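Structure at a glance
Each chain, letter by letter, is given below.
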Amino acid sequence: MNRSLSAAIVLALCTAAPVLAQRPVHTFSRPVHTYSIVARDPETGQLGVAVQSHWFSVGPIVPWAEAGVGAVATQSFADPAYGPLALELLRAGKTAQQALAALLAADPHPEVRQVAIIDAAGNVAVHTGERSIEAAGHRTGPNYSVQANLMLKPTVPDAMARAFENAKGDLAERLLAALEAAQAEGGDIRGVQSAAIVVVSGKPTGRPWEDRIFDLRVEDHPEPLKELRRLVHLARAYQHMNAGDAAVAEGDIERALREYATAESMVPDEATNGEMVFWHAVMLANLGRVDEALPLFRRAFAQDPNWIELVRRLPKAGQFPDDPALIERIVSAGTTAVRSR
């Protein structure tokens, strides 16, 4: 592109946010042919994007989302500037349709773009350029848009729409269902390589790191969707760990123990290197419930004996009783566990 996309947007939509004219914009294209979904959960207000492509590291290019603002997918011969600029227009009060119209009017090559936008009210706008590589197309429904290009079959968007509409669970689960339906229908004619999912809360907290419920990427994998689903499941487990930590800070120890136990039950030992089991055991021991803690310590120590040394270091940090007898009892249990490996 030969001109500033942000300046052209201001010309195309004179009421756009003034800051658009002040920002430099990268206007290059990347051939990120793929399938994706943007969606909103009407019950929670959560906004999300999920994508899979036969292209390395699709996560930094295609999906964009901001709590209380909207979500964007930019693909085909993707211009990554569409993501942040669309969000800026939505933040300035434009609808999804107005934001997309401005972006396309400012783009010298809209014919090669495929873009979908959903705003915080659930309005959807989507564009599939006439020079997107076949099979290419999109489908929209209440609170969602699915889009695909370079597909093996033209039926991929229909399969995604059906899966999303019929799936149960939270927004992340429904986004994954749409991606898996696309792959089952034939997916990208070239195969698979990377995937990503971003889900943000419906209302911004002013702390963006807390607004991002899921922000996961599979950069390069022979089965990226299976790996993405595994990561979402693991992220859910760690969300329970975080909830346990929050409960501790609030003094609700029983709720903390329930959260830690839930996290631990969700993930097999070999998948966590003892992390969840170990901290659950530490909490129990801190409460004086050592008999309950010892089996968990043994499980952690059996995975990695370095957890034994960590027990010795915790008292200095104020995270464990400075009780040599207690520490020796736990370490002895750990030595037995290591020997039995």
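All values derive from a computational prediction rather than experimental measurement. (Residues numbered from 1 in each chain as written. Predicted model: local features only at pLDDT ≥ 70, side-chain atom pairs only at ≥ 80, totals over all residues. Heavy atoms only, no water.)

**A short note on the overall build of the protein**
Basically, it comes down to this: Counting from the N terminus, the helices are the DSSP runs of H or I reaching at least four residues and the strands are the DSSP runs of E reaching at least two. When a residue's accessible area, from a 1.4 Å probe over protein chains only, is under 20% of the maximum for its type it is buried; when over 50% it is exposed; and in between it is partly exposed. Residues count as neighbours in contact if any of their non-hydrogen atoms are within 4.5 Å of one another. Per-residue and other accessible areas were derived by the Shrake-Rupley procedure at a 1.4 Å probe size, with only the shown protein chains allowed to occlude residues.
The number of helices and strands found in the protein is 12 helices and 11 strands. Residues classed as buried in the protein amount to 52% of the 341 residues present. Restricting the contact set of the protein to residue pairs at least 6 apart, pairs at least 24 apart contribute 58%. Working note: accessible area of the protein is about 15200 Å², and carbon and sulfur atoms make up 52% of it.

**A word on helix α4 (residues 156-166)**
Within the span of α4, buried status applies to Val156, Pro157, Ala159, Met160, Ala161, Ala163 and Phe164. Those residues of α4 that are buried lie in contact with β2 (34-40), β8 (137-141), β9 (144-148) and α5 (171-184).

**Re the sheet that holds β2**
Rule in force here: Here, strands pair whenever DSSP counts at least two bridges between them. Working convention: axes come from line fits to C-alpha atoms, limited for helices to the stretch in contact. Angles between N-to-C directions cover 0 to 180 degrees.
Strand order in this open sheet of six strands is β8-β9-β2-β3-β10-β11, and the pairing throughout is antiparallel. Here the strands that pair on one side only, and so sit at the sheet edges, are β8 and β11 (212-218). On average, each strand axis in the sheet is tilted by 5° relative to the strand beside it, whichever way the strands run. Note: β2 against strand β3 (residues 47-53), seven bridges, orientation antiparallel. Each bridged residue has a counterpart across the sheet, and for Ile37 the counterpart in β3 is Ala50. Running at roughly 145° to β11, helix α7 (residues 224-249) makes contact with β2, β3, β10 (194-200) and β11 of the sheet.

**Description of the environment of His221**
Test applied: Here a polar contact means two N or O atoms within 3.5 Å. Within protein one must be a hydrogen donor candidate and the other an acceptor candidate, and residues neighboring in sequence count only if both atoms are side-chain atoms.
On the secondary structure map, His221 appears in the loop between β11 and α7. Residue His221 is classed as partly exposed on the basis of its relative accessible area of 27%. Separated by 165 residues in the primary sequence, His221 and Phe56 place their C-alpha atoms 9.2 Å from one another. Look past the residues within four positions of His221 in its chain and what remains in contact with it is Val192, Gln193 and Glu227. Here Glu223 takes part through its backbone nitrogen, which lies 2.9 Å from a polar atom of the side chain of His221.

**Examining the nonpolar core**
Stated formally: Here the nonpolar core consists of buried residues drawn from Ala, Val, Leu, Ile, Met, Phe, Trp, Tyr and Cys, with membership extended through side-chain atoms lying within 4.5 Å.
With 35 residues, the main nonpolar core has Met276, Phe278, Phe297, Phe301, Val311, Phe320 and Ile330 as its most contacted residues. When residues of this core are traced back to their parent elements, those giving at least two are α7, α8 (253-266), α9 (275-286), α10 (290-303), α11 (306-313) and α12 (324-339). Setting aside anything within four residues of it in sequence, one finds Ile330 in contact with Ala285, Leu294, Phe297, Phe301, Val311 and Phe320. By size, the runner-up hydrophobic cluster in this structure holds 31 residues, among which are Ile37, Ala50, Ala195 and Val218.

**Focus on the packing of aromatic side chains**
Quick note on the threshold: Think of it this way: a Phe, Tyr or Trp ring, Trp meaning its six-membered ring, pairs with another when their centres are within 6.5 Å, and the plane angle makes it stacked under 30 degrees, edge-to-face over 60, tilted otherwise. Charges are assigned to positions over rings by a cutoff of 6 Å between ring centre and Lys NZ or Arg CZ, combined with an angular limit of 35 degrees from the ring normal.
On inspection of all chains with the given rule, the structure shows five aromatic pairs. Geometrically, the ring pair formed by Phe278 and Phe297 is edge-to-face, given 5.8 Å between the ring centres and 75° between the ring planes. With a gap of 19 residues between them, Phe278 in helix α9 and Phe297 in helix α10 connect regions that are remote in the sequence. This pair shows no difference in class: Phe278 is buried, exactly as Phe297 is. Each residue in the set Phe278, Trp279, Phe297, Phe301 and Trp307 is aromatic and connected to the rest through ring pairs, giving one cluster. Arg174 extends its terminal NZ or CZ atom over the ring of Phe164, reaching a point 4.1 Å from the ring centre.

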